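# Structural overview for review
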Amino acid sequence: MAASTAAGKQRIPKVAKVKNKAPAEVQITAEQLLREAKERELELLPPPPQQKITDEEELNDYKLRKRKTFEDNIRKNRTVISNWIKYAQWEESLKEIQRARSIYERALDVDYRNITLWLKYAEMEMKNRQVNHARNIWDRAITTLPRVNQFWYKYTYMEEMLGNVAGARQVFERWMEWQPEEQAWHSYINFELRYKEVDRARTIYERYILWTRSNWIKYARFEEKHAYFAHARKVYERAVEFFGDEHMDEHLYVAFAKFEENQKEFERVRVIYKYALDRISKQDAQELFKNYTIFEKKFGDRRGIEDIIVSKRRFQYEEEVKANPHNYDAWFDYLRLVESDAEAEAVREVYERAIANVPPIQEKRHWKRYIYLWINYALYEELEAKVKKQNYVSFTFAKMWILYAQFEIRQKNLSLARRALGTSIGKCPKNKLFKVYIELELQLREFDRCRKLYEKFLEFGPENCTSWIKFAELETILGDIDRARAIYELAISQPRLDMPEVLWKSYIDFEIEQEETERTRNLYRRLLQRTQHVKVWISFAQFELSSGKEGSLTKCRQIYEEANKTMRNCEEKEERLMLLESWRTFEEEFGTASDKERVDKLMPEKVKKRRKVQTDDGSDAGWEEYFDYIFPEDAANQPNLKLLAMAKLWKKQQQEKEDAEHHPDEDVDESES
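The chain carries the name Crooked neck pre-mRNA splicing factor 1 in an unreviewed UniProt entry, which gives Pan troglodytes as its organism. A UniProt comment under Subcellular location (unreviewed entry) is attached to the chain, and it reads "Nucleus". According to the UniProt record, the Sequence similarities (unreviewed entry) comment for the chain is "Belongs to the crooked-neck family."

As structure tokens, this is what we get:
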């Protein structure tokens, strides 16, 4: 026992230890293994031996075995229809048609929804010329599965191949009752056309066009193809009427226009394109625009091409105003377009649509653009559509009242124009209304009315210097100098003025024109009591110089001296410099050398300085340089400035001394050192 155990232990092979576990240099893939197996034919099985049947007994035995095999396969899985079909085809190959029918019927009891089963069954009957059996199968198939188009196609094809046109038509009629897809209708129509039954095809189209809009186009092309052009046009017109404005399609109108183009009806083509472009949105009418443009380039003139551009722009404006009805700029552009091209009723319609979009907030900034719609509407009605008055009473815009008054003047209703302007001043007094009303009365030479209007105007706005000046100028023109002077005096006595310098200048110019030198001089003195501006002093000096009287140069020089003394305490050094420059120019032209030298000594020195810059929050932002002016008169009174000047002089002298002591022989060359 021990020996046998030892022998058994000796027979156990030892597992070889793999020392090198690295992958081999040549790798063999699964694909190579399969290829070698195929090349060596390792998996090929030899074909079964051929069996020769010599008598009927052997044949029956073969049939029995084969049928048993098919029945066993069916019994194992009844739902595998391929087993049933193979079984039936095998029986058919043996000319056992009755047995094959039985197998197909048994298979239909298992799965009557299998399309392939019905097709194979019917094809077997047709192949064996069993026409009535085939009809029976097709009838059962289309009754059981009426939505399978393949059954209908096969059935109608079989009847047509048999020459049974009436039977095929009857099958098509049964099919159409189920309202099939588009191709089925075309098959029926093509069937009738193959037998030259155009009227029957037209009848089918009449039933067919109720489904999709493309069918209308095909129907019209069918009529056009058979030279029934009047019928084709009628079909297109019915299609446009049928779909209306709510379901418009550009393809229908393009097809309609091309049909009319082929018939050389170019005016009808234009009408169709324009009708469609007015009713279809821009994004849905790209093809329509393209075809319309091509048509006009081929058959139109310059006016036609311009109409295309206008139509395209009209489309764009319609989209803009639909997106934002309160976009008044878009309405203005749209109205300019329609006014240049459309009829009066169309323009009126657009105006009414525009003015219906009232600003949502009762604030003037929202109404400024809107009010121009009314203005343009009124002007259009007056100029293009004859006179039509508009009611402006509810508005407070000065422009509306002015335009209304101008309208009445053009209609030669002066009293109504005055009434409109007077009402506007009473309801909404504004500078513009007063100016227009006064201008109207001036043109009519109604000066008393102008005086009354100016008085009302100045009661409304006493701070308006322009109104005072215009009123005084009116009195000056009328020759009433005292009245004009009184107006000026009343004006400068107002506590608040918008442009006092303009008013004073106008008053001074008025007195100069009247050659009232003393009055002018007094005016300058009164003005200098209110302001010490350098331009007033310079103007005063120029006035004395230009008076031309004896001693004018002396008086002019005295004013310059007085101005210089007065402006010593002025913080604006640039204004003081401006005065001295004007004085120097005067002395250069009229003074002596000593006078000019005297003014030159008063001219300041321009120095550069630095100052600290701070931001708005008070933090330091660094330093900046600026120029300052040091006047000699100011420097004499400030000892710090004298000390600074002496220090600069000492530094300059020291620099000159060092330069004199320096000798070029004492320089040492860097290379030698």
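Our next topic: the overall build of the chain. Across its full length, the chain carries 34 helices and two strands. For the chain, the proportion of its 673 residues judged to be buried stands at 36%. Looking at the chain alone, contacts between residues at least 24 apart form 45% of all its contacts between residues at least 6 apart. Carbon and sulfur atoms form 50% of the exposed surface of the chain, whose accessible area is close to 43700 Å².

All right, on to the pattern of salt bridges then. Overall, the coordinates contain 19 salt bridges when judged by the stated rule. Between arginine 75 and aspartate 72 there is a salt bridge, with its nearest N and O atoms 2.6 Å apart. One end of the pair is arginine 75 and the other is aspartate 72, both in helix α3 (residues 56-76) and three residues apart, which spans about a single turn. Among the ionic pairs, glutamate 197 bridges to arginine 200, the shortest N-O distance being 3.7 Å. Via salt bridges that share partners, Lys68, Asp72 and Arg75 belong to a single interconnected network.

Here we take up the nonpolar core. Membership of the largest hydrophobic core comes to 75 residues, with the highest contact counts inside it found for Phe151, Tyr236, Tyr253 and Leu288. Looking at this core, the element that brings in the most residues is helix α14 (residues 250-262), giving seven residues. Counting 46 residues, the second largest nonpolar core, distinct from the first, contains Tyr454, Trp468, Leu545 and Tyr560.

A separate point is the side chain of glutamate 223. Assignment of secondary structure puts glutamate 223 in helix α12 (residues 213-225). The buried category is assigned to glutamate 223, whose relative accessible area is 1%. For glutamate 223, the contacting residues outside a window of four places in its chain are Arg202, Tyr228, Phe229, His231, Ala232 and Val235.

It is worth spelling out a negative patch on the surface at this point. A cluster of like negative charges, contributed by Asp55, Glu56, Glu57 and Glu58, occupies part of the molecular surface. If you trace the backbone, glutamate 57 turns up in helix α3. Take glutamate 57: its relative accessible area is 65%, and that puts it in the exposed class.

Below, the discussion takes up the packing of aromatic side chains. By the definition in use, this model includes 12 aromatic pairs. With centroids separated by 5.8 Å and ring planes inclined at 5°, the aromatic side chains of tryptophan 152 and tryptophan 175 adopt a geometry described as stacked. With tryptophan 152 in helix α8 (residues 149-161) and tryptophan 175 in helix α9 (residues 165-176), the pair connects residues that are 23 residues apart, well separated along the chain. Each member of the pair, tryptophan 152 as well as tryptophan 175, is classed as buried. Taking the centre distance of 5.3 Å and the plane angle of 40° together, the rings of phenylalanine 172 and phenylalanine 191 count as tilted.

What follows deals with unusual backbone geometry. Comment: phi is negative for the bulk of residues other than glycine, and the bulk of peptide bonds are trans. Positive phi outside glycine occurs at lysine 95, with the angle close to 65°. With respect to the helices, strands and loops of the structure, lysine 95 is situated in the loop between α4 (81-93) and α5 (97-110). Using a relative accessible area of 64% as the deciding quantity, one classes lysine 95 as exposed. Although it is not a glycine, arginine 129 adopts a positive phi angle of roughly 60°.

Quick look at the packing of helix α6 (residues 115-127) against helix α7 (residues 131-144) now. Packing of α6 against α7 brings their axes to within 8 Å, and their N-to-C directions diverge by 160°. The angle between the axes of α6 and α7 places the two elements in the roughly antiparallel class. Taken as a pair, α6 and α7 cross one another with a handedness that is left-handed. Of the residues in α7, those touching α6 at Trp118, Leu119, Tyr121, Ala122, Glu125 and Met126 are His133, Ala134, Ile137, Trp138, Arg140, Ala141 and Thr144. A class-by-class count of the residues in the contact of α6 with α7 yields nine nonpolar, two polar and two charged.

End to end, α7 covers 20 Å across 14 residues, agreeing with the expected 20 Å (1.5 Å per residue, within 8%). Every buried residue belonging to α7 is among Ala134, Ile137, Trp138, Ala141 and Ile142, and all of these are buried. Buried residues in α7, looked at end-on, bunch into an arc of 125°, giving them a common side. Set apart from the buried face of α7 by more than 90 degrees, the exposed residues are Asn132 and Thr143. Residues of α7 that are buried sit in contact with α6, α8 and α9.

Looking now at the environment of lysine 63. Along the polypeptide, lysine 63 turns up in helix α3. Distance from lysine 63 to glutamate 91, taken between C-alpha atoms, is 9.5 Å for residues 28 residues apart in sequence. With residues near it in sequence (within four places) discarded, lysine 63 still touches Trp90, Leu94 and Glu96.

A word on the confidence of the model for the chain. For the chain, per-residue confidence averages 75 on the pLDDT scale, and residues scoring 70 or more make up 73% of the total. Predicted confidence in the chain is weakest over helix α1 (residues 2-11), with a mean pLDDT of 48, and strongest over α6, with 91. In the predicted structure, residues 386-396 sits below a pLDDT of 50 and forms 27 contacts with residues beyond four places in sequence or in another chain. Every residue in residues 663-673 is under pLDDT 50, and counting partners more than four places away or in other chains gives two contacts.

Let us now look at helix α30 (residues 552-566). Compared with an ideal rise of 1.5 Å per residue, which puts 15 residues at 21 Å, α30 spans 21 Å between its outermost C-alpha atoms and is within 8% of the ideal. When α30 is considered as a whole, its buried residues turn out to be Ser552, Cys556, Arg557, Ile559, Tyr560, Ala563 and Asn564. All buried residues of α30 fall inside an arc of 155° around its axis, so they share one side.

Packing of α3 against α4 brings their axes to within 9 Å, and their N-to-C directions diverge by 160°. The pairing of α3 with α4 is recorded here as roughly antiparallel in orientation. For the pair α3 and α4, the sense of crossing is left-handed. Each of Tyr62, Lys63, Lys66, Arg67, Phe70, Glu71, Asn73 and Ile74 in α3 lies in contact with α4, whose residues at this interface are Asn83, Trp84, Lys86, Tyr87, Trp90 and Glu91. For the contact of α3 with α4, the residue count by class is six nonpolar, two polar and six charged.

About the cut-offs
Residues numbered from 1 in each chain as written. Predicted model: local features only at pLDDT ≥ 70, side-chain atom pairs only at ≥ 80, totals over all residues. Heavy atoms only, no water. UniProt positions renumbered as here; feature names shortened; annotations may be inferred. Helix = DSSP H or I, 4+ residues; strand = E, 2+ residues; numbered from the N terminus. Buried < 20%, exposed > 50% of the residue type's maximum accessible area, 1.4 Å probe, protein only. Contact = heavy atoms within 4.5 Å. Areas by Shrake-Rupley, 256 points an atom, 1.4 Å probe, with all protein chains shown as cover. Salt bridge = Lys/Arg side-chain N within 4 Å of Asp/Glu carboxyl O. Core = buried A, V, L, I, M, F, W, Y, C linked by side-chain atoms within 4.5 Å. Patch = residues over 30% accessible without salt bridge, like charges linked within 9 Å, V, L, I, M, F, W, Y side chains within 5 Å. Lys, Arg positive; Asp, Glu negative; His and termini not counted. Charge placed at Lys NZ, Arg CZ, Asp CG, Glu CD. Phe/Tyr/Trp six-rings, centres within 6.5 Å; stacked < 30°, edge-to-face > 60°. Axes fitted to C-alpha atoms, helices over the stretch in contact; angles between N-to-C directions. Parallel < 35°, antiparallel > 145°, perpendicular 65-115°, else oblique. Left-handed = near helix turned anticlockwise from the far one by under 90°. Nonpolar A, V, L, I, M, F, W, Y, C, P; charged D, E, K, R; others polar. Expected span 1.5 Å × (residues − 1). Arc of directions from axis to C-beta. pLDDT = per-residue confidence, 0-100.

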